[in-house]
Amino acid sequence: MNDPASHAPVSVATQSQVQTFQCPKCREYINASASRCRFCGAEVDSSSAAAQAEIQEKVAQAVNQARLARVGVWFMPAFWLNLILFYGIGIETGIFVFLPVMILVSTVGVIVGWWTRFGKLQTDDPDYAKARHGMKTTVVLFVLMIVVPLPLFLMGWGTVLIKWFMN
Ligand SMILES: [Zn+2]
């Protein structure tokens, strides 16, 4: 290797970006560019190591995004509360609706993005299996939190509108 970068001292920033993957033999996490496992000494096929490392990186992303989606779902009661405050009490500013709507839209984005990017990941990583299972629960919770209060909200909103037109 004549790559000058490989001789440069390893900074904390580059170290954190080093791709790791699990040794096929001993399952310890090792550097994907290593030719030998530093734990058990098994030889490492660099192309399959790189592919493995890529999958592992995606699994980490999938776990993070799944967490983010779940947080968004727990904001949905706040979304409804804000809309009720806005239409019920009649707060004169759009920010009360704008923020919850942004959270709603971004949560939909995270959920749809998750299934598009990670839905068909080929890995037997238990973290991925857990994240995927968690995402299914997230989708169910999300649908319940949006679909169930919707008729109630529309009824409430309708009443407010009718009152408003009567005046
Ligand atoms: Zn090993």
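Rules behind the numbers
Residues numbered from 1 in each chain as written. Predicted model: local features only at pLDDT ≥ 70, side-chain atom pairs only at ≥ 80, totals over all residues. Helix = DSSP H or I, 4+ residues; strand = E, 2+ residues; numbered from the N terminus. Buried ≥ 20, exposed ≤ 12 C-beta atoms within 10 Å, placed from the backbone. Contact = placed C-beta atoms within 7 Å. Core = buried A, V, L, I, M, F, W, Y, C linked by C-beta atoms within 7 Å. Axes fitted to C-alpha atoms, helices over the stretch in contact; angles between N-to-C directions. Parallel < 35°, antiparallel > 145°, perpendicular 65-115°, else oblique. Left-handed = near helix turned anticlockwise from the far one by under 90°. Nonpolar A, V, L, I, M, F, W, Y, C, P; charged D, E, K, R; others polar. Expected span 1.5 Å × (residues − 1). pLDDT = per-residue confidence, 0-100.

Requested: an account of the overall build of the protein, with residues and values cited.
In terms of regular secondary structure, the protein is built from 6 helices and 2 strands. Secondary structure elements of the protein, listed N to C terminal, follow the sequence α-β-β-α-α-α-α-α. Here the protein holds 167 residues, and the buried ones make up 17% of them. For the protein, restricting intrachain contacts to residue pairs at least 6 apart in sequence, the fraction spanning at least 24 positions comes to 57%.

Any details on the nonpolar core? Residues and values, ideally.
Ala 62, Ala 66, Ala 69, Val 73, Val 110, Ile 111, Trp 114, Phe 118, Tyr 128, Ala 131 and Met 135 form the largest nonpolar core, which has 11 residues in total. Broken down by secondary-structure element, the contributors of at least two residues to this core are helix H2 (46-74), helix H4 (95-118) and helix H5 (126-147). Excluding residues that lie within four positions of it along the chain, Ala 69 makes contacts with Thr 107, Val 110, Ile 111, Trp 114, Met 135 and Thr 138. Phe 21, Ala 32, Cys 37 and Ala 49 belong to the second largest nonpolar core, which has 8 residues in total.

I'd like a description of the packing of H2 against H5, backed by residues and values.
H5 packs onto H2 with a crossing angle of 20° between their chain directions and a minimal axis gap of 9 Å. Between H2 and H5, the angle is such that the two are roughly parallel. Classified by chirality, the crossing of H5 by H2 is left-handed. On H5, the residues that touch Val 59, Ala 62, Val 63, Ala 66, Ala 69, Arg 70 and Val 73 of H2 are Asp 127, Tyr 128, Ala 131, Gly 134, Met 135, Thr 138, Leu 141, Phe 142 and Met 145. Its residues placed into classes, the contact of H2 with H5 shows 12 nonpolar, 2 polar and 2 charged.

Now, about unusual backbone geometry: what can you tell me, with residues and values included?
Residue Arg 27 is not a glycine yet carries a positive backbone phi of 65°. With respect to the secondary-structure elements, Arg 27 resides in the loop between strand S1 (20-22) and strand S2 (29-31).

Explain the environment of Leu 99 to me, and be specific about the residues and the numbers.
You can see Leu 99 is positioned in helix H4. When the 14 C-beta atoms within 10 Å are taken as the criterion, Leu 99 is described as partly exposed. Put simply, Leu 99 and Asn 82 are 17 residues apart on the chain and 9.0 Å apart in space, counted from C-alpha to C-alpha.

Summarise helix H6 (residues 149-166); cite the residues concerned and give the values.
Taking 1.5 Å as the rise per residue, H6 with 18 residues should run 26 Å; its terminal C-alpha atoms sit 26 Å apart, in good agreement. Within H6, only 0 of the 18 residues are buried, which leaves the element largely exposed.

Which residues make up the confidence of the model for the protein, and what values go with them?
When pLDDT is averaged across the protein, the result is 82; 84% of the residues are at 70 or more. Ranking the helices and strands of the protein by mean pLDDT puts H5 first, with 94, and helix H1 (residues 12-16) last, with 46. Low pLDDT, under 50, characterises residues 1-15; the stretch is placed with 2 contacts to residues that sit more than four places away or in other chains.

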